[in-house]
Structure formats: C-alpha cells, structure tokens
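Topology and contacts: notes
So you can see what is in the structure, the chains are spelled out below.
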Amino acid sequence: MTASFATTDTPIGPFTTVVDDAGSVLAAGWTDSVDNLVPLIHTSLRPTDLRQASTLGSVTAAVDAYHRGDVRAIDDVPVSQQSGEFLVHAWKVLRTVPAGSPVTYSQFAEMAGRPAAIRGAASACARNAAALFVPCHRVFRIGGALGGFRWGLPVKEWLLTHEAGVEPAE
C-alpha cells in the first residue's frame, strides 16, 4: 500500500500526518520524522511505500485550522485504525469527546460501554496512532492529573488549554 505524509509547523512543534490513498489518517503526531509514526500503524494498514508531500490538502488544512483556533476542524477528517474490537470501538468513542470537555479514564471507559475497563481505556489512548484526530489528549486521570501522552505532557497541556473555554457543539 502507498501512503503520503506531510509535516506542518504548529505552535507546539512540527506535526506529521500519514494518510492512505483515500485520504484517511493512518498516523499523526508532533514529530518531524515519519519514522516515528509508521511503527504505530497496525500491520494490516501499514504502507509499504511512503511519499512525502508538501500538503495533504484538506487534512493539512484541518491541522492548520485547529492550531489557529478552530478546534472542531479535525472532527470530520477520516481516520483508519485497526486492532481488537474494544480498541477500535474506543477510538471511535474518543472522537465523540468534545473539545473543551475532557473526561477521566473512568468516564471514557463508561462511554465505551465497559465501565470496569479503565485500563483498557488507558490502553486505547496509549495505542492511538492518530493523535489529534482521535483526541486521546482529552482524557486525564481522576483528580485532574494529566496522565501520559506519547508526544509529551507539555503538548497535552497546550492542547487542553487551547481547547478550554470552547463553546459546546450544538
């Protein structure tokens, strides 16, 4: 499979996105190296050929718009991730957590239909290859601690602050 990738500058560093031929995000994160992203892609979706592009069209536009303040710009960008049934479901549920309304791992587990699966919810966040588009940064620990984040806690904190005060979607 062939995929394209592009890196764009953001206020919190370079952001690289990998998309398949249909324009669906396979992986994304705050890095300038596609080599940091490819291993995160499930083997059934992992591209064998990567092509660098200056832009990924609407995907790059959404990344830029998000970082400029339109935090909903990423909501409709298609994402393709593969794993077990619970993780795939949990990633879909993560996309429903609204900007400005973060949840705890316990709340996320409940939203995913498995209230006792708090570790499973945390695993869904940790194994998420499509950062930003599947907003695992919107999940934190009970008591308000940020928890972990593949791209660093300063990035997670920036994202949550950037999204704070956003009017709820109607």
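Residues numbered from 1 in each chain as written. Predicted model: local features only at pLDDT ≥ 70, side-chain atom pairs only at ≥ 80, totals over all residues. Heavy atoms only, no water.

Examining the overall build of the protein chain
Summing up its helical and strand segments, the protein chain has 5 helices and 6 strands in all. Tracing the protein chain from N to C terminus, the helices and strands come up as β-β-β-β-α-α-β-α-α-β-α. Compactness check: the protein chain gives a C-alpha radius of gyration of 15 Å against a globular reference of 15 Å for 170 residues, within 12% of the reference. Along the first, second and third principal axes, the C-alpha set of the protein chain runs to 40 × 35 × 30 Å. Expressed as a percentage of the 170 residues in the protein chain, the buried residues total 47%. (Helix = DSSP H or I, 4+ residues; strand = E, 2+ residues; numbered from the N terminus. Rg over C-alpha atoms; globule rule 2.2 N^0.38 Å. Buried < 20%, exposed > 50% of the residue type's maximum accessible area, 1.4 Å probe, protein only.)

A short note on the sheet that holds strand S3 (residues 25–29)
Taken in spatial order, the 4 strands make up an open sheet running S3-S2-S1-S4, and their pairing is mixed. Each edge of the sheet is formed by a strand with only one pairing partner; in this case those strands are S3 and strand S4 (49–52). Strand-to-strand twist of the sheet, defined as the mean angle between neighbouring strand axes without regard to direction, takes the value 20°. Across 8 bridges, strand S1 (residues 2–10) lies against strand S2 (residues 13–20) in antiparallel orientation. Its bridge partner being in S2, Phe 5 is matched across the sheet by Val 18. Each of S1, S2 and S3 touches helix H1 (residues 58–68); the most contacted strand, S1, lies at about 25° to it. (Pairing = 2+ DSSP bridges. Axes fitted to C-alpha atoms, helices over the stretch in contact; angles between N-to-C directions. Contact = heavy atoms within 4.5 Å.)

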